[in-house]
Amino acid sequence: MTSVSVNLKSPEDIEGMRVAGRLASELLDYLTPFVKPGVTTGEINDLAHAYMLDVQRTVPATLHYAPPGHSPYPASLCTSVNHVVCHGIPGDKKLKEGDIVNIDVTVIKDGYHGDTSRMFQIGRPSIQAKRLSEVTYEAMWRGIMTVRPGAHLGDIGATIQRFAESHGYSIVREFCGHGIGRQFHEEPQVLHYGRPGTGLKLQPGMIFTVEPMVNAGRPGIRCLADGWTIVTADHSLSAQWEHTVLVTDEGFEVLTVSAGAPPPPAIAA
Ligand code: MF3
Ligand code: CO
Ligand code: CO
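Described in the following lines is the structure provided in the data block. It should be emphasised that the depicted structure is a prediction, and the values quoted were computed from it without experimental measurement. (Residues numbered from 1 in each chain as written. Chains lettered and ligands numbered in written order. Predicted model: local features only at pLDDT ≥ 70, side-chain atom pairs only at ≥ 80, totals over all residues. Heavy atoms only, no water.)

The next thing to look at is the overall build of the protein chain. Helix and strand counts for the protein chain stand at four helices and 15 strands. Computed over its C-alpha atoms, the radius of gyration of the protein chain comes to 17 Å, within 12% of the 18 Å expected for a compact globule of 269 residues. Looking at the protein chain residue by residue over its 269 residues, the buried ones come to 53%. Taking contacts inside the protein chain between residues at least 6 apart in sequence as the whole, the part at least 24 apart equals 71%. Total accessible area on the protein chain stands at roughly 11,800 Å², and carbon and sulfur atoms take up 55% of it. Averaged over its 22 positive side-chain charges, the protein chain has a centre that lies 6 Å from the centre of its 28 negative ones. (Helix = DSSP H or I, 4+ residues; strand = E, 2+ residues; numbered from the N terminus. Rg over C-alpha atoms; globule rule 2.2 N^0.38 Å. Buried < 20%, exposed > 50% of the residue type's maximum accessible area, 1.4 Å probe, protein only. Contact = heavy atoms within 4.5 Å. Areas by Shrake-Rupley, 256 points an atom, 1.4 Å probe, with all protein chains shown as cover. Lys, Arg positive; Asp, Glu negative; His and termini not counted. Charge placed at Lys NZ, Arg CZ, Asp CG, Glu CD.)

Next up, the structure:
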């Protein structure tokens with residue numbers, strides 16, 4: 001039995017996390033009209049950076065972020081295109097018709113972190129790319145919908161895994177969701193695979209992300225020489241969505257919401 005210490009948020013923390021979560025989601029709303037054919041991922045980064053500093057007065061948590069064993073991350077968000085699984089570094093690459101891209105933002109407001117990502121389709125996506133993105137979105141939501149006091153972390157992972165694999169896709173194992181608050185990444189680790197009824201029991205006041213990475217092909221990944229960019233080993237497409245979620249007395253509250261956040265999927269019972 002592994003024991004982890006998960007800090008339960010105070011009412012004041014929760015209010016701070018609501019604000020940070022909303023700002024992160026609003027940043028994606030702001031970026032959305034710019035995510036079009038011909039724009040470079042570096043331009044998206046620069047727009048986001050300026051919006052955070054000048055409009056939101058937030059701090060980009062990823063910029064110079066350096067977990068143990070990593071060089072400092074050089075940008076204010078992550079842009080993961082097509083077969084890039086996560087942590088893609090923005091640069092000169094132009095987005096083109098048919099690409100899919102995950103944009104992952106983390107803002108810090110008054111010391112609290114809001115972490116969310118969405119998929120974007122450039123022009124008209126292929127049927128396969130659209131389906132992968134939709135299945136990943138529904139997988140995330142199905143996982144979130146298991147969250148309530150007394151449920152286990154394994155319920156989230158098992159639900160996500162079962163749904164993604166039932167569509168012939170695979171779950172990336174090496175990266176997971178995470179507790180979040182005054183720290184960017186804290187306990188617990190939220191795996192996107194697992195067995196129901198296992199793992200940490202959820203309690204009101206816990207806040208963590210749910211952020212499944214789903215590959216169209218095999219689950220294996222590789223890290224590029226830049227030390228950050230994670231790609232599928234088989235070069236298959238990969239998708240990811242992310243929300244920051246609070247465990248409430250009743251169930252859950254998604255904190256990374258704003259006017260432009262896509263609604264929960266209609267899920268056939
Ligand atoms: N936002 C990512 C997450 O969801 C972390 C990115 S860390 C970075 O946890 F350094 F790659 F930016
Ligand atoms: Co995260
Ligand atoms: Co993120």
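The structure having been displayed, the exposition proceeds.
All right, on to the coordination of the cobalt ion (ligand 2) then. For a metal bound by four donors in a tetrahedral arrangement, the ideal donor-metal-donor angle is 109.5 degrees, while six donors in an octahedral arrangement ideally sit at 90 or 180 degrees. Each protein donor to the cobalt ion (ligand 2) is listed here as Asp-115 (OD), His-178 (NE2), Glu-211 (OE) and Glu-242 (OE); together their distances run 2.0 to 2.2 Å. For the cobalt ion (ligand 2), the six donor atoms are set out with angles of 51 to 162° between them, so the coordination reads as irregular. The sequence pattern describing where the donors of the cobalt ion (ligand 2) fall on their chain is D-x62-H-x32-E-x30-E. (Donors = N, O, S within 2.8 Å, 3.2 Å for Na, K, Ca; no water. Tetrahedral: all angles 85-135°; square planar, octahedral: opposite > 155°, others 65-115°.)

For the rest of this paragraph, the subject is the coordination of the cobalt ion (ligand 3). At the metal site, the cobalt ion (ligand 3) is ligated by Asp-104 (OD), Asp-104 (OD), Asp-115 (OD) and Glu-242 (OE), and these contacts range over 2.0 to 2.4 Å. Note that the cobalt ion (ligand 3) binds six donor atoms; their angles at the metal cover 58 to 165°, and the shape is irregular. Each donor residue of the cobalt ion (ligand 3) belongs to the same chain, with the gaps between them written as D-x10-D-x126-E. A gap of 3.3 Å separates the cobalt ion (ligand 3) and the cobalt ion (ligand 2), which Asp-115 links by coordinating each metal.

Time to look at the environment of Leu-77. Looking at where Leu-77 falls in the secondary structure, it is placed in the loop between β1 (59–60) and β2 (78–81). Overall, Leu-77 belongs to the buried group, its relative accessible area being 0%. The spacing of Leu-77 and Leu-63 is 14 residues in sequence and 7.5 Å in space, taken between C-alpha atoms. Residue contacts for Leu-77: discarding those within four places in its chain leaves Leu-31, Ile-44, Asn-45, Ala-48, Thr-62, Gly-88, Pro-90, Ile-103, Asp-104 and Val-105.

Further remarks concern the pattern of salt bridges. In total, this model carries eight salt bridges according to the counting rule given. Across the pair Arg-118 and Asp-29 runs a salt bridge whose closest N-O atoms are separated by 2.8 Å. Here Asp-29 lies in helix α1 (residues 11–31) and Arg-118 lies in strand β5 (residues 112–121), a separation of 89 residues in the sequence. The class for Arg-118 is buried, based on a relative accessible area of 6%. Taken together, the shared-partner salt bridges in this structure form one network comprising Glu-15, Arg-18 and Glu-253. (Salt bridge = Lys/Arg side-chain N within 4 Å of Asp/Glu carboxyl O.)

Let us now look at α1. In this model α1 runs 31 Å from its N-terminal to its C-terminal C-alpha over 21 residues, within 8% of the 30 Å that 1.5 Å per residue would give. Buried residues in α1 make contact with α2 (41–56), β4 (100–109), β5, β9 (207–210) and β14 (243–247). (Expected span 1.5 Å × (residues − 1).)

Here the structure, examined in full by the defined rule, presents six aromatic pairs. Relative to Phe-252, the ring of Trp-141 has its centre 6.5 Å away and its plane inclined at 65°; by these criteria the two rings are edge-to-face. One end of the pair, Trp-141, is in helix α3 (residues 127–144); the other, Phe-252, is in strand β15 (residues 252–254), with 111 residues separating them in the sequence. Taken together through their ring pairs, the aromatic side chains of Tyr-30, Phe-34 and Tyr-51 make up a single cluster. Sitting over the ring of Tyr-193, Arg-173 keeps its end group 4.6 Å from the ring centre. Between the NZ or CZ atom of Arg-182 and the centre of the ring of Tyr-112, over which it lies, the distance is 4.4 Å. (Phe/Tyr/Trp six-rings, centres within 6.5 Å; stacked < 30°, edge-to-face > 60°. Lys NZ or Arg CZ within 6 Å of the ring centre and 35° of its normal.)

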